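Each chain, written out:
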Amino acid sequence: MNIELLSQYLVAGITYGTIYAIVAIGFNIIYNATGIINFAQGEFVMLGGMIAVSLHTFMPLPAAIVAAVLAAMIIGALIEIIFIRWLVSPSVLRMIIITIGISIFVREAALHVWGEAVRALPYFTGSEVTVISFGNVHISPQVLWVTGIAAIIVALLTFFFNYTLLGRQMRACSSNRDAARLCGINAKNMVTLSFVLSAGIGALAGCVVSPITYVQYDSGTGLAIKGFTVAILGGLGNSTAAIGAGLILGILESLCVMVLPTAFKDVVSISVLLLILFVRPSGIFGSVEASRLKEF
Amino acid sequence: MLRSKFLPIIIFVIAIVSVQVLTGLTDKAQYLTQLTMTGYYSLVIIGLCMLIGYAGQISLGHAGFFAIGGYVSAFLTTYNLAPHKEKPLVSVLSKTGLLGSMQDLYGGDTMVVNPWLACIAAVAVTVLIAYIIGGPILKLKGHYLAMATLGFGTIVYKVVLATSFFGAADGLSDIPGFKVLPGLEVSGKPGLRVQNYYIAWGLVALGMLLLTNLIHSRVGRALRSIHSAEDAANAMGINTGRYKLNIFVLSAVFAALAGVFLTHYNGGIGPSEASIMKSVRYVAIVAIGGMANLWGALAMGFVLNFLSLRGYFGSYDDAIFGVILILIMLFAPEGLLRREVFQGLKKRLSGKKSAGGQQA
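Bear in mind that the values here come from a model prediction, so they are computed numbers and not experimental data. (Residues numbered from 1 in each chain as written. Chains lettered and ligands numbered in written order. Predicted model: local features only at pLDDT ≥ 70, side-chain atom pairs only at ≥ 80, totals over all residues. Heavy atoms only, no water.)

### Regarding helix H11 (residues 276-289) of chain B
- Its 14 residues place the ends of H11 of chain B 20 Å apart at the C-alpha level, agreeing with the 20 Å of an ideal helix rising 1.5 Å per residue.
- Counting buried positions along H11 of chain B gives 14 out of 14 residues, so the element sits mostly inside the fold. (Helix = DSSP H or I, 4+ residues; strand = E, 2+ residues; numbered from the N terminus. Expected span 1.5 Å × (residues − 1). Buried < 20%, exposed > 50% of the residue type's maximum accessible area, 1.4 Å probe, protein only.)

### Quick look at the confidence of the model for chain B
Residue and element names in this part refer to chain B.
- Looking at chain B as a whole, its pLDDT mean stands at 82, while 87% of the residues score no less than 70.
- Across residues 352-360, where pLDDT falls below 50, the model places three contacts with residues more than four positions away in sequence or in other chains.
- Interface confidence in the predicted complex, given as ipTM, is 0.85; pTM for the same model is 0.86. (pLDDT = per-residue confidence, 0-100. Contact = heavy atoms within 4.5 Å.)

### Some remarks on the interface of chain A and chain B
- At the junction of the two partners, chain A supplies 38 residues and chain B supplies 39 residues.
- When chain A packs against chain B, the two sides together hide about 3,500 Å² of surface, and 84% of this comes from carbon and sulfur.
- Connecting chain A to chain B are one salt bridge.
- A salt bridge links Asp266 of chain A to Lys158 of chain B, with the nearest nitrogen and oxygen atoms 3.0 Å apart.
- Where chain A packs against chain B, one counts five residue pairs in polar contact (both at pLDDT 80 or more).
- Mapped by element, the contributors of at least two residues to the side of chain A that touches chain B are helix H4 (92-114), helix H9 (219-234) and helix H11 (265-279) of chain A.
- With 14 residues, the single largest contributor to the side of chain A that touches chain B is H4 of chain A. (Buried area = accessible area lost by both parts, 1.4 Å probe. Salt bridge = Lys/Arg side-chain N within 4 Å of Asp/Glu carboxyl O. Polar contact = N/O pair within 3.5 Å; in protein donor to acceptor, adjacent residues only side chain to side chain.)

### Quick look at the pattern of salt bridges
Residues and elements named next belong to chain B.
- Evaluation of the coordinates by the stated rule reveals seven salt bridges over all chains.
- The closest approach of N and O atoms between Arg281 and Asp317, which form a salt bridge, is 2.8 Å. Taken together, the residues Arg281 in helix H11 and Asp317 in helix H13 (residues 317-331) connect sequence positions 36 residues apart. An identical accessibility class is assigned to Arg281 and Asp317; each is buried.

### What about the packing of aromatic side chains?
- Scanning the entire structure with this criterion turns up 22 aromatic pairs over all chains.
- With 5.2 Å between their ring centres and 70 degrees between their planes, Phe160 of chain A and Phe161 of chain A make a pair best called edge-to-face.
- Given the relative accessible area of 17%, Phe160 of chain A is considered buried.
- Look at Phe165 of chain B and Phe166 of chain B: their rings are 6.4 Å apart centre to centre, the planes differ by 75 degrees, and that puts the pair in the edge-to-face class.
- Members of the aromatic cluster, connected to one another through ring pairs, are Phe12, Trp201, Trp295 and Phe302 of chain B.
- The ring of Tyr16 of chain A carries the charged tip of Lys265 of chain A above its face, separated from the ring centre by 4.6 Å. (Phe/Tyr/Trp six-rings, centres within 6.5 Å; stacked < 30°, edge-to-face > 60°. Lys NZ or Arg CZ within 6 Å of the ring centre and 35° of its normal.)

### Thoughts on the nonpolar core
Residues and elements named next belong to chain B.
- Formed by 202 residues in total, the largest nonpolar core has its most connected members in Tyr40, Ile46 and Phe65.
- With 15 residues, helix H2 (residues 31-54) is the single largest residue contributor to this core.
- Ignoring any residue separated from it by four or fewer positions in sequence, one finds Ile46 in contact with Val204, Gly207, Met208, Leu211, Phe254, Leu294 and Leu298.
- Grouped together as the second largest cluster of nonpolar side chains are five residues, Val90, Met111, Val113 and Ala118 included. (Core = buried A, V, L, I, M, F, W, Y, C linked by side-chain atoms within 4.5 Å.)

### Section: the environment of Met236 of chain B
All names here are of chain B.
- Tracing the sequence through the fold places Met236 in the loop between helix H9 (230-235) and helix H10 (240-266).
- On the basis of relative accessible area, Met236 is assigned to the exposed category, the value being 70%.
- A C-alpha to C-alpha distance of 33 Å links Met236 and Gly151, two positions 85 residues apart in sequence.

Pasting the structure below:
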């Protein structure tokens, strides 16, 4: 094994890890606001990629991406308003089944709209053969786009949740909904907003990664499981930790490809999920005490 | 009490027989194929209903157990052991008559495991896997439990999809029939249609008998107490962990047996049987039947599986189940066929005397 190949695998791992981290952040936003794991999170990623590809046929790439993200946000809001908003303290089991139902529904709708074809956006800069070389390591510019946009998302979210009124209101709702409502915060709107935010982030991720990973009507489920693994690995609800956990999982996966057949890549990462759930459900970076207080 | 417990089983048996007679009289015998397959899927559903409805533990990985049963049996009954004739285990098996030998298309000798042994092996493997993963998985609750079982199902799916042993994406085919008893064979031969219909639904009837007995026993009461308040059940001295694990294994065995029989009936199995969508479908049917309602789940499983297998939903097949899930969970989380409806009926049927007694 030479260093060059190893670093190439590392780059691939970092790319995929970042993608998983973005999906995990989508999970975390909704989880923080509602205590719900949205099993349909992967579908937002798929929708973002699919809509952008369709729009790109008649508008320039940046406009298509912006429009796709907006469309996904509207869909996210609609999903929350139609299915979630009016339920009064539903049980966890009920919420799990509803979000799974939504994910099937969205996926099947996508199948009827777009068919089974595999699609992809063009590379944002250059093409699939363009590489930027750092010494012996060659990186596709799209990888820089993915990691760059992930970094911007995390930075903006941190700013949003810590320094804006709206973000603080959302955090207040997640830590104590009744107290937040007494302070005049509309908790229901905050939940809708969390769906809008995570749908938008998911869709943006879907656009950025589609040149590398391609999108298909059923690519959401796989991403959702990886995203969830990362969210758990980092500690549910903690978005900064999700980035670290995403990188760990991505690198682990791509190192596994060196020793195992590629088809078993997913088996490895799901085994990591099971292992984490069994051994330390609060995640690597999460606190055990805090997770004991959460309701699952 | 006794009457009210066995009455549904009697009605069920009458219904099964009359459906068969009806298809015979109306010359629609081809329906029996889908009805037989429906029977096996119903076996998974009643097992899962025990787990979700009565013990309150969700599993999104039951298609995984179904596939483990089906694949183990399919593999053992098709893998040619003739080249390994000299190895100790193979020769012992062959001497005890547990291997069937036959000639393949080109006159070469093949030796495969007897379906009975394969079936027992399949169940044994399932029990082993269910115990190993059940222990840690059932410590989890809610979202974590759902995701863990979903993860387990996905692992099984990916493994069978990627293993050339198991035929990868094509699955295994040319699986021989399963001669359960002399004169009774589980296989898709057109002449055995009626027989197979009764084998499948006979198994379901047996399963229902077993499960209704279980529900009406000490174990059933313990399970219901776990569902409504696990901590309280624990405080009452119920070993909740053990009960949950046993019921998990039991429902996995139901799924695996269904897998074994359906595989022999169809003569093949493919990775789609292990897919997440199948697992979700089982949960959907349990949900629509009413979580803690074996008969409701069975009835809904019968209708929906049959319609789906007959292709009435066309390309909207999966979407239908997604929509059903959403609608049921939004508007009738207790299921369509609720217990109260049944109990009301039961009361009317069993007369005023027992209705006044209020023993149930």
